[in-house]
Amino acid sequence: MMADLLTAASRPKTLRPHQVKAIEMLRLSLGKGKKRVVVQAPTGYGKTLTAAKIIEASRAKGNRVIFTAPAVSLIDQTVQAFEAEGIDGIGVMQANHPRTNPAMPVQIASVQTLARREIPDAALVMVDECHIRSKAIDQLMAERRDVTFVGLSATPWRKGMGLAWDDLVTPITIGELIELGYLSRFEVLAPDIPDLTGIKKRGGDYVEAALAELMGDAKLVGSVVQTWLEHGQDRPTLVFAVNRAHAAALQREFEGHGVAAAYVDGFTDRIERELISDQFRRGEVRVICSVRTMTTGVDLPVSCIVDAAPTASEMLHVQKIGRGLRVNEGTEDCLILDHA
């Protein structure tokens, strides 16, 4: 029954070969009786179109669908992206949201919202960035054994994922996407190698306070900006900092050298984020200094990544670098300035 979930959809879509392959591999997995399948989709793969095609095909069978985003801040962006791909009948599970309508057949929610609300029935639940651990998703998967769950992630390597998910399909790799021209080639420059010997780890990553003290040293902050001035070629840039104070210090340092820089963290509201994004696209802001919040759901013309936040997490490292691998008009490659 669920094996035919991905039959041809009513609206014709132009899919790239690797997107077609992903859907076919997913269909085959479901046909073998798998009900918890992760699709590994690197940054720039075209995840939104692929997800829209899956949702459209499921809806053609009369199924209700839930799509979960990893953060509340990504809800409106997700709605807009799906509607641009022709998905209609969308409702939002979020308090006081103008699109709240439980009768709609496609429901979009953040994982935080799922933990606080009664979850409607659905034949298909799609979990974006499924490598991020969520108790709400874990509980939903445990309770609804008859429901098909499809996870999407560029980095499905979190310890324990195999206990919840029963299959992984990888239609294409980052290297293959680069060779085919769908992702940008990149060059890495490592001007600083911070001494992390005394920095302890907690929960698999470095303790933030100690790391911020190390990376917030005035000399290192100055080195980050000086390196960008010498090698960044005024490229549109994302800078990853350790914490809010570190990001603010980097923003001040860039501005002190006459570089138009903005600051974004998890508390930056949607309107301000949209304003900064528009300024970035127009070239009015050249550098955005952030704290992790720009590692997912970012679709900006970035051609330089400055990593000033050392991490022991391979997943987080790949997510950060991936923000600069989209092919953008006017740039042939991405420059990665690795201070971590």
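Let me begin by describing the structure that accompanies this report. Quantities reported herein were computed from a predicted structural model and do not represent experimental measurements.

Bringing the sheet that holds strand β11 (residues 237-240) into the picture now. Within the open sheet, the six strands sit side by side as β8-β15-β14-β11-β13-β12. Their pairing is parallel. Bordering the open sheet on either side are β8 (185-189) and β12 (261-264), each of which pairs with just one other strand. Here the average twist between neighbouring strands, direction ignored, is 20 degrees. Each of β11, β12 and β13 (287-290) touches helix α11 (residues 270-282); the most contacted strand, β12, lies at about 150 degrees to it. Contacts from helix α12 (residues 314-322) reach β11, β14 (304-307) and β15 (333-338), with the element oriented near 145 degrees to β14.

Overall, parallel pairing links the seven strands, which are arranged β3-β4-β2-β5-β6-β1-β7 in an open sheet. Because the sheet does not close on itself, it has two edges, and the strands there are β3 (90-93) and β7 (167-169). Pairwise comparison of adjacent strand axes, ignoring direction, gives a mean angle of 20 degrees for this sheet. In this sheet, β7 lies alongside strand β1 (residues 36-40) in parallel orientation, the contact comprising three bridges. Looking at the pairing, Val39 lines up with Val169 of β7. Those strands touched by helix α3 (residues 75-84) are β2 (65-69), β3 and β4 (106-110), and its axis lies near 150 degrees from that of β4.

Let us look at the packing of helix α9 (residues 218-231) against helix α10 (residues 244-256). At a minimum axis separation of 9 Å, α9 and α10 run at an interaxial angle of 45 degrees. When the interaxial angle is binned, α9 and α10 end up oblique. Where α9 crosses over α10, the two elements pack in a sense that is right-handed. Across the interface between the two elements, Val221, Gly222, Val224, Val225 and Trp228 of α9 pack against His246, Ala249, Leu250, Glu253 and Phe254 of α10. Here the contact of α9 with α10 is composed, by residue class, of seven nonpolar, two polar and one charged.

Cut-offs used in this document
Residues numbered from 1 in each chain as written. Predicted model: local features only at pLDDT ≥ 70, side-chain atom pairs only at ≥ 80, totals over all residues. Heavy atoms only, no water. Pairing = 2+ DSSP bridges. Helix = DSSP H or I, 4+ residues; strand = E, 2+ residues; numbered from the N terminus. Axes fitted to C-alpha atoms, helices over the stretch in contact; angles between N-to-C directions. Contact = heavy atoms within 4.5 Å. Parallel < 35°, antiparallel > 145°, perpendicular 65-115°, else oblique. Left-handed = near helix turned anticlockwise from the far one by under 90°. Nonpolar A, V, L, I, M, F, W, Y, C, P; charged D, E, K, R; others polar.

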